Amino acid sequence: MKRRNFIATAAVGSAGLASASAMAPNNYGQSKEFNLKHNINHSVCEWCFNDIPLEDFLKTLNELGVKAIDLVGPKDWPTLKKYDIHCSMCNGAEISLTEGWNNPKYHEQLIKNYTEMIPKVAEAGYTNLICFSGNRDGMNDYVGLQNCVDGLSQIIPLAEEHGVVIQMELFNQVNHPDYMCDNSLWGVELCKHLGSDNFKLLFDIYHMQIQEGDIIRSIQNYHPYFGHYHTAGVPGRHEIDETQELYYPAIIKAIHNTGFKGYVAQEFIATWDDKIEALKDGFMRCDI
C-alpha cells in the first residue's frame, strides 16, 4: 500500500474510532442495568450537583440505593437525616483551601473552629471532617509540615475522644497552585508525625493523577494513611468514562483489595445532558 493511501485509510479509520468513542459513554450507561453490588461504599460530592435542589438530589440517591453524600455542613445535616443519607465527609470548620494548618497565624482560628465542630460531627453520628494544608506562600515544606503537626496536635486528642477522623485533602498544582499538601509522600509524612488513626489523607484520584500519577502503586503502598477517596476524570474533572485517561475499575479493585471500608465519592462535573445518568454511570464503573 502506498504511503498516501495508507494515511488516508488510517485517517478514515481514526475518525470512525473517534466517533465510536464519543458515543461510548451514553451507550455504556444505557446498556447496563443499574444494580449496585455494595462491595464499595459509594458517595457523591454535593457541590458537583448543586444545581439540583438538595432534597430532590437526596431523593434520587435513595432511589439509586446510594446512602451517603460528601462535603455537607451542619446547616444541611437535618435534611440529610430526613432522607436517611449519611454525611461521609463533613465540612464547615476550615477557613479556606489556601489558609490552612501550615501557617501558624491561622492556628488560633482553626483550633477554635475544629474544637467546636468535632463534637457536632460526632453528635450527628458522622465520622469524617475535612481539613486543608493551605498554600506555601514561600514557606519551606519541612517548616510547613512541622507547623501542621504543631497545630493539628492540639485538636487530635479531641477527635480521638469523639471518634472523629480529621482528613487532609491532597490537591494538584495545576488547579491549586502553591497548595502545600500536593503529594502523597508529604501527606504520609504528616500522618506519621501525628501518629494517630484519627488523622488520615483524603486521596483525590483526579488530583494525584495530575500531580504524580502511579495511582494504583500509591494506593497499594500508602493505603493505611488514606481514609477517603474522590474520583473524577483526567483531564477536565468530568465523567470517568472512555473520554479520559484513568481506568477506574482497576483503581477501585486496588482500593478494595487493601481491605478499605470507607467511602469512595464521585467528584466529577457532569457534561452529559442527563447528569443523573452520568452519575449512575460513574457509580457502576466504581462498583465491583
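Placed above this text is the structure.
Attention in this report is confined to the structure presented alongside it. (Residues numbered from 1 in each chain as written. Predicted model: local features only at pLDDT ≥ 70, side-chain atom pairs only at ≥ 80, totals over all residues. Heavy atoms only, no water.)

With that out of the way, let us pick up the overall build of the protein chain. The number of helices and strands found in the protein chain is 11 helices and eight strands. Within the protein chain, buried positions represent 51% of all 288 residues. Of all intrachain contacts in the protein chain linking residues separated by at least 6 positions in sequence, the fraction that spans at least 24 positions is 74%. Accessible area for the protein chain stands at about 13,300 Å²; split by element, carbon and sulfur atoms hold 50% of it. (Helix = DSSP H or I, 4+ residues; strand = E, 2+ residues; numbered from the N terminus. Buried < 20%, exposed > 50% of the residue type's maximum accessible area, 1.4 Å probe, protein only. Contact = heavy atoms within 4.5 Å. Areas by Shrake-Rupley, 256 points an atom, 1.4 Å probe, with all protein chains shown as cover.)

Now for the nonpolar core. Counting 90 residues, the largest nonpolar core has Ile166, Met168 and Phe199 as its most contacted members. Looking at this core, the element that brings in the most residues is helix α4 (residues 107–123), giving six residues. (Core = buried A, V, L, I, M, F, W, Y, C linked by side-chain atoms within 4.5 Å.)

Turning our attention to the packing of aromatic side chains. Aromatic ring pairs are described here by two measures, namely the spacing of the ring centres and the angle between the planes. Per the counting criterion, the structure on display carries 10 aromatic pairs. Considering the side-chain rings of Phe203 and Tyr229, the 5.9 Å spacing of their centres and the 70° angle between planes classify their relative orientation as edge-to-face. Here the residue Phe203 occupies a position in strand β6 (residues 199–204), and Tyr229 occupies one in strand β7 (residues 226–231), the gap between them amounting to 26 residues. When its relative accessible area of 0% is taken as the criterion, Tyr229 is described as buried. (Phe/Tyr/Trp six-rings, centres within 6.5 Å; stacked < 30°, edge-to-face > 60°.)

Of all the residues in helix α10 (residues 248–257), the buried ones are Tyr248, Ile251, Ile252, Ala254 and Ile255. In a view along the axis of α10, the buried residues occupy a sector of 155°, so they form one face of it. In the stretch just after α10, Gly259 is the one whose phi turns positive, near 85°. (Arc of directions from axis to C-beta.)

With that settled, consider the pattern of salt bridges. Going through the model one piece at a time under the given rule, you end up with 12 salt bridges. Glu116 is the partner of Lys112 in a salt bridge, and the nearest nitrogen-oxygen pair spans 2.9 Å. With a gap of four residues between them, Lys112 and Glu116 both fall in helix α4, about one helical turn apart. Overall, Lys112 belongs to the partly exposed group, its relative accessible area being 46%. For Asp182, the salt bridge is made with Arg136, and the minimal N-O distance between the two is 3.1 Å. Within this pair, whereas Asp182 is found in the loop between β5 (165–169) and α7 (184–194), its partner Arg136 is found in the loop between β4 (128–131) and α5 (141–152), the two being separated by 46 residues in sequence. Judged by its relative accessible area of 6%, Asp182 is buried. By relative accessible area, which is 16% here, Arg136 ends up buried. Linked by salt bridges that have partners in common, Arg136, Asp141 and Asp182 make up one network. (Salt bridge = Lys/Arg side-chain N within 4 Å of Asp/Glu carboxyl O.)

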